Structure formats: C-alpha cells, structure tokens
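# Commentary on secondary and tertiary structure
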Protein chains: 2
Amino acid sequence: MNNVTRIKIFKPASEVFESFVDPSRIGNFWFSSSSERWEAGKTITLRYEEYDAQGDIDILAIEKDRKIVFKWLYGEDHVVTIMLEEPESGVTIVEVVEEGFNERDDNFIASLLDNKEGWVYSLTCLKAYLEFGVTRLRAGLV
Amino acid sequence: MNNVTRIKIFKPASEVFESFVDPSRIGNFWFSSSSERWEAGKTITLRYEEYDAQGDIDILAIEKDRKIVFKWLYGEDHVVTIMLEEPESGVTIVEVVEEGFNERDDNFIASLLDNKEGWVYSLTCLKAYLEFGVTRLRAGLV
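Residues numbered from 1 in each chain as written. Chains lettered and ligands numbered in written order. Predicted model: local features only at pLDDT ≥ 70, side-chain atom pairs only at ≥ 80, totals over all residues. Heavy atoms only, no water.

Turning next to unusual backbone geometry. Residue and element names in this part refer to chain B. Although it is not a glycine, Asp 52 sits at a positive phi angle of roughly 45 degrees. Note that Asp 52 resides in the loop between strand E3 (43-48) and strand E4 (53-63). One non-glycine residue, Asp 65, adopts positive backbone phi at about 65 degrees. The topology assignment puts Asp 65 in the loop between E4 and strand E5 (67-72). (Helix = DSSP H or I, 4+ residues; strand = E, 2+ residues; numbered from the N terminus.)

Turning our attention to the relation of the copies chain A and chain B. Both copies of the chain are related through a single rotation about an axis accompanied by a shift along the same axis. Of the transformation placing chain A onto chain B, the axial shift is 0.0 Å and the rotation is 180 degrees, giving an RMSD of 0.0 Å. Expressed as an axis order, the relation between the two copies is that of a two-fold axis. Looking at chain A, 100% of its interface residues are interface residues in chain B too, so the copies touch through the same face. (Least-squares fit on C-alpha atoms with pLDDT ≥ 70 in both. Contact = heavy atoms within 4.5 Å.)

Next up on the list: the interface of chain A and chain B. Taken together, the contact pairs 27 residues of chain A with 27 residues of chain B. When residues of chain A are sorted by the area they lose upon contact with chain B, Leu113(A), Phe132(A) and Val142(A) head the list and together hold 24% of the total. Across the chain A-chain B interface, the total number found is 2 salt bridges. Glu117(B) is paired through a salt bridge with Lys116(A); the nearest N and O atoms lie 2.5 Å apart. Listing elements by their share of the side of chain A that touches chain B, those giving two or more residues are strand E1 (2-9) and helix H2 (108-132) of chain A. With 13 residues, H2(A) is the single largest residue contributor to the side of chain A that touches chain B. In the side of chain A that touches chain B, the residues fall into 16 nonpolar, 4 polar and 7 charged. (Buried area = accessible area lost by both parts, 1.4 Å probe. Salt bridge = Lys/Arg side-chain N within 4 Å of Asp/Glu carboxyl O. Nonpolar A, V, L, I, M, F, W, Y, C, P; charged D, E, K, R; others polar.)

Take helix H1 (residues 13-21) of chain B next. Residues and elements named next belong to chain B. Taken across its 9 residues, H1 has 7 buried, putting it largely inside the fold. Every buried residue belonging to H1 is among Ala 13, Val 16, Phe 17, Glu 18, Ser 19, Phe 20 and Val 21, and all of these are buried. Buried residues in H1 make contact with strand E1 (2-9), E4, E5, strand E6 (79-88), strand E7 (91-99) and helix H2 (108-132). (Buried < 20%, exposed > 50% of the residue type's maximum accessible area, 1.4 Å probe, protein only.)

If you walk through the whole model with that rule in mind, you get 24 salt bridges over all chains. Two residues, Glu18(B) and Arg37(B), come together in a salt bridge whose shortest N-O distance is 2.9 Å. Residue Glu18(B) is located in helix H1, and its partner Arg37(B) is located in the loop between strand E2 (33-34) and E3; the two are separated by 19 residues in the primary sequence. Given a relative accessible area of 19%, Glu18(B) falls into the buried group. For Arg37(B), a relative accessible area of 32% puts it in the partly exposed group. Each of the salt bridges in this network shares a partner with another, and the network as a whole consists of Glu36(A), Glu39(A) and Lys42(A).

Residues and elements named next belong to chain A. Where helix H1 (residues 13-21) contacts H2, the axes come no closer than 11 Å and their chain directions differ by 120 degrees. As judged from the angle between their axes, H1 and H2 are oblique. Between H1 and H2 the crossing geometry is right-handed. Here Glu 15, Val 16, Ser 19 and Phe 20 of H1 lie close against H2, whose contacting residues are Leu 123, Leu 126, Tyr 129 and Leu 130. Partitioning the contact of H1 with H2 into residue classes produces 6 nonpolar, 1 polar and 1 charged. (Axes fitted to C-alpha atoms, helices over the stretch in contact; angles between N-to-C directions. Parallel < 35°, antiparallel > 145°, perpendicular 65-115°, else oblique. Left-handed = near helix turned anticlockwise from the far one by under 90°.)

Rendered as structure tokens:
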C-alpha cells in the first residue's frame, strides 16, 4: 500500500526541486542537514540535530525540476517518489508517494499515520519557506 | 479508534485558545469562517469559501485556555478534543484527539489518513500564524 500526499506551492518547480536537492536549503523545512547535493546513484546522509538522529537514503533517480526517487536505508524498505508538476507558470503541485507499507505488519496503521504526519508537516513547512520565507517552522511535532 | 496529533507552539495557551474560539481569527489558519464565538452548548457553522463547503459543529465543552470539545454534525459522528498544556510560560503543547473511527468501515484507513492529514495541516498553519504571522498558508492541500 502507498501513502500519497499532495500540496500546491505558489513557486516554480525549479525552486521546489532545488529545496530538496541543495544541501544548503533542506534545513529550512525538513531535516537539519543533508550530506551533499542529491544526484542519482549517490547515498546521502540526512540528519536531525534536534533528535540527534540520522539515516541514509539512496537516490535512485532524478529528473531535474520534475522528479526525485529515493529509498530509505533505515527502518522499512520504503521507496519515495516526489513528482513536481507546474500546471501554470509559477505554481507547482508537489506529489509525494511513499511505497512499501505491508498490511500484515502489526504496526501497519500506525506506520501509515506516522508517515502521513511526517509528509504533511514537511510539505507544509516547505510551502511556508518558499512562499513566506519562514525557515523555523520545522521540528515542531511532538 | 482515535487519531492523535500533537504540536508545540511557542505562544501562550491563551493565544492558541483564542485562535480557535474567536471567529475573527479562525480564517487565518483553518476554515475561512466560523459563525460566532465558540461557547459550550452552541452550534457553530464552519465554512470553507475555497471549496464552497460548510458544516456545523456542536460545542460540547469549553475550559478557557485549556480545553475545547466539539462534535462534527456532518459525515461521521466524531468527537474532537483539543487540549492545551503550557509546560513553560509562552510554550503550548496542542493535542488534538478525534474519536469515532470504526474499524469495520470499508474506508476506515483512508478516513484515518484524511483526518491525520487535515489535523497536521491545520495545526501547522496555526503554528505559522501564531509564531510568524503567516495567514495565507491554509487551503493548500490538493
């Protein structure tokens, strides 16, 4: 089963794309740091200073300003696809699909809900960062 | 089964409380309008101009700056409890519990996920409004 989250951001797809792949920008809305620029074939270390936690992802595919596919290398073996559509100039629909939830897992529903919570929160922080310049909304869920 | 969402907001509980109950403030982070001030025993009409949609809620209980309990009068018969804790001055933990999800419903999981999405989004918009004065983050999920 997949978890799908979609949000509209009033900025060009290129701005949204760079916010994910540029390690100097991710700390404005999601993880506190990313070890290097996201490119296909690389393993990237993502860090949350606030929780003293980190994990690696493998970047499986990148289409500039259009698509990012990565696999989490910790916890469940999930694959995430971030699709960017720009239906009109300066407006981007961001769709995140996380795949790999197993209905037979004991914590299946809790895992889906945690994942939904994380994506809605991070994408809303991304929207606040890009549209309003707010860079300190992240890391507030408790 | 219940859906529980918690967020930390760097503002006093009284500010968070007023944002929900004062009809001049709700449009900054959630519905576009609320028909009148929330008080126990009242039925309130909430409206989303963006979706040309509205629905009523019954306010079941209010404790000033501490707790709001209401029941949605459309769709499922769910009860929502919003609890505000101020563990240190000027910092509020907002906990929202929505009760009434039925595991035997065909759309049980989808309903939980939609509900989680809505609460995380609205509470993040509330945080952006109170901490950073951002009032146009709402109504962006698609």
